[in-house]
Amino acid sequence: MGDFESLFMEKILVIGAAGQLGSELTKSLTDLFGSESVIATDLQESARSKFDYCRFEVLDVMNKEALRNLVKNEKVSQIYHLAAVLSATGEKKPIFAWHLNMESLLFVLELANEFKLDKVYWPSSIAVFGPNTPKINTPQYCVKEPNTVYGISKQAGERWCEYYFQKFNVDVRSLRYPGLIGYKSLPGGGTTDYAVDIYHKAIAGTDFNCFLKSDTSLPMMYMPDAIKATMDLMNAPRESVKIRSSYNLAAMSFTPEEIYQSILPFFPDFKIAYNPDFRQAIADSWPDSIDDSFARKDWGWSPDYDLNAMTSDILKNLPDFFPSKN
Ligand code: AKB
């Protein structure tokens, strides 16, 4: 059977499809595999309106029986498990964040083994790194010691992914995303989400109150690059995917002041104020920049967008996406 035919035999389940990453990844998966092959799921019925191009089901990932029935009855062959509590929300609800982030991953890995799924995708994050990690060009392999619940759950999750690959041959693949910035969804409880919100404020003509210090450098990535990386990793031949915990991934690093400066030429009257809160400590524990040479070598990763290219693309497209903000 040719590759073209085999594409249409896949049945892809996206868990947490209405989130920041899912909103855009589900569309790319549908474009590649066809609308009959993708089932988008999310906790809220209200998310249905986002998915007029593929099937949508309400699913609570913590409902193990419902998840198992869906996988079994629909003959699911791949799961993209994107549901998670992010860093800032996780610090407010640590036990809930641990419970949701860890148990849902274990459900998914168990189902992948039970039903011998083709592939599983699970996102990790730069949050696996901690204050004792080298900050500049953070290597793939180094001290981690994350000090947020989100980071601890991502580090433990990476170990579980590698364990299921080695013990049960589950083809699970993962990326350590930097802060992801897109204009198609609103900020969702992350520390890096200031860099999403700032564009909305600039377009709305409102001053921006930044919860990080002006010189806090963090690794970031524009959403089209994140989608490209995810699709490339998932479509890479099995033997090219040599890291089964999670790959370092990088595109750019910038500070709040630098993103503000990139917006100013478009909105010269736009104002920013810096009022760091509890999220400053989270940002301070993360790297400034990431070494992603393993991703480049193993499956050919390279990003397309830098800060200025991202800013002009977002400012061009965001008003059409959220017209009420005009
Ligand atoms: C967060 O800020 O929590 C996330 C992440 C870096 O994983 N965007």
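All values reported here derive from a predicted model rather than from experimental measurement.

What counts, and where the lines are drawn
- Residues numbered from 1 in each chain as written.
- Predicted model: local features only at pLDDT ≥ 70, side-chain atom pairs only at ≥ 80, totals over all residues.
- Heavy atoms only, no water.
- Phe/Tyr/Trp six-rings, centres within 6.5 Å; stacked < 30°, edge-to-face > 60°.
- Helix = DSSP H or I, 4+ residues; strand = E, 2+ residues; numbered from the N terminus.
- Buried < 20%, exposed > 50% of the residue type's maximum accessible area, 1.4 Å probe, protein only.
- Lys NZ or Arg CZ within 6 Å of the ring centre and 35° of its normal.
- Disulfide = S-S within 2.5 Å.
- Expected span 1.5 Å × (residues − 1).
- Bend = angle between axes of the 7 residues up to and from the residue.
- Contact = heavy atoms within 4.5 Å.
- Polar contact = N/O pair within 3.5 Å; in protein donor to acceptor, adjacent residues only side chain to side chain.
- Near = heavy atom within 4 Å.
- Areas by Shrake-Rupley, 256 points an atom, 1.4 Å probe, with all protein chains shown as cover.
- Nonpolar A, V, L, I, M, F, W, Y, C, P; charged D, E, K, R; others polar.
- Domains from an automatic or database assignment.
- Core = buried A, V, L, I, M, F, W, Y, C linked by side-chain atoms within 4.5 Å.

1. Some details on the packing of aromatic side chains
Argument step 1. Inspection of every chain in the model, using the stated rule, returns 16 aromatic pairs.
Argument step 2. Measuring from centroid to centroid gives 5.8 Å for Tyr-80 and Tyr-121, while their planes differ by 35 degrees, and the two rings are tilted. Placement of Tyr-80 in strand E4 (residues 78–81) and of Tyr-121 in strand E5 (residues 119–121) is noted, with a sequence separation of 41 residues between them. Exposure class is identical for Tyr-80 and Tyr-121. Each is buried.
Argument step 3. Note on Tyr-164 and Phe-168: the rings are 5.1 Å apart at their centroids and 55 degrees apart in plane angle, and the pair reads as tilted. Taken together, the residues Tyr-164 and Phe-168, both in helix H6 (residues 149–168) and 4 residues apart, mark about one turn of the helix.
Argument step 4. For Phe-168, a relative accessible area of 34% translates into the label partly exposed.
Argument step 5. Linked through ring pairs, Trp-160, Tyr-163, Tyr-164 and Phe-168 together constitute an aromatic cluster.
Argument step 6. Positioned above the aromatic ring of Phe-211 is the side chain of Arg-279, whose terminal nitrogen or guanidinium carbon lies 3.6 Å from the ring centre.

2. Re the state of the cysteines
Argument step 1. On inspection of all chains with the given rule, the structure shows 0 disulfides.
Argument step 2. No disulfide involves Cys-142; its sulfur sits 18 Å from that of Cys-161, the nearest cysteine.

3. Let's talk about helix H12 (residues 307–321)
Argument step 1. Helix length check: H12, at 15 residues, gives a terminal C-alpha distance of 20 Å against a target of 21 Å (1.5 Å per residue), a fit within 8%.
Argument step 2. Helix geometry: H12 is bent most strongly at Leu-315, by close to 30 degrees, with proline Pro-319 lying one to four residues after it.
Argument step 3. Where H12 is concerned, the buried positions are Leu-307, Met-310, Thr-311, Asp-313, Ile-314, Leu-315, Leu-318 and Pro-319.
Argument step 4. In this fold, the buried residues of H12 make contact with strand E9 (179–181), helix H7 (194–204), strand E11 (218–222), strand E13 (252–254) and helix H9 (256–263).
Argument step 5. For H12, the side-chain oxygen to backbone nitrogen distance between the N-cap and Asn-308 is 3.4 Å, and the N-cap itself is Asp-306.

4. What about the side chain of Ser-153?
Argument step 1. Take Ser-153: it is sitting in helix H6.
Argument step 2. What Ser-153 contacts, discounting residues up to four positions off in sequence, is Trp-98, Asn-101, Met-102 and Trp-122.

5. Side note on the site of the ligand
Argument step 1. Close to the ligand lie Leu-86, Ser-87, Ser-125, Ile-126, Tyr-150, Gly-190, Thr-191, Thr-192 and Trp-286.
Argument step 2. One nitrogen or oxygen atom from the side chain of Ser-125 is found 2.7 Å from an oxygen atom belonging to the ligand.
Argument step 3. With respect to the ligand, the side chain of Tyr-150 contributes an N or O atom lying 2.7 Å from an oxygen atom.
Argument step 4. About the coverage of the ligand: the protein hides 94% of its 260 Å² of free accessible area.
Argument step 5. Of the residues in the shell around the ligand, the class split is 4 nonpolar, 5 polar and no charged.
Argument step 6. Looking at the shell around the ligand, you find at least three residues from each of domain 1 (3–178) and domain 2 (180–220 + 251–325).

6. Considerations on the environment of Ser-87
Argument step 1. Tracing the sequence through the fold places Ser-87 in helix H4 (residues 87–92).
Argument step 2. Since its relative accessible area comes to 1%, Ser-87 is described here as buried.
Argument step 3. Separated by 218 residues in sequence, Ser-87 and Tyr-305 place their C-alpha atoms 25 Å apart.
Argument step 4. A polar contact of 2.7 Å, which involves the side chain of Ser-87, links it to the side chain of Thr-191.

7. Things to note about the nonpolar core
Argument step 1. By size, the foremost hydrophobic cluster in this structure holds 40 residues, and its most contacted members are Ile-181, Tyr-194, Ile-198, Tyr-199, Phe-254, Ile-259 and Met-310.
Argument step 2. Counting residues per element, the ones that place at least two in this core are H7, strand E10 (208–210), E11, E13, H9, helix H10 (279–284) and H12.
Argument step 3. Per-element accounting of this core gives the leading share, 7 residues, to H7.
Argument step 4. A domain-level breakdown of this core finds at least three residues from each of domain 1 (3–178) and domain 2 (180–220 + 251–325).
Argument step 5. With sequence-adjacent residues up to four places away left out, Met-310 is seen in contact with Ile-181, Tyr-199, Tyr-222, Met-252, Phe-254 and Tyr-305.

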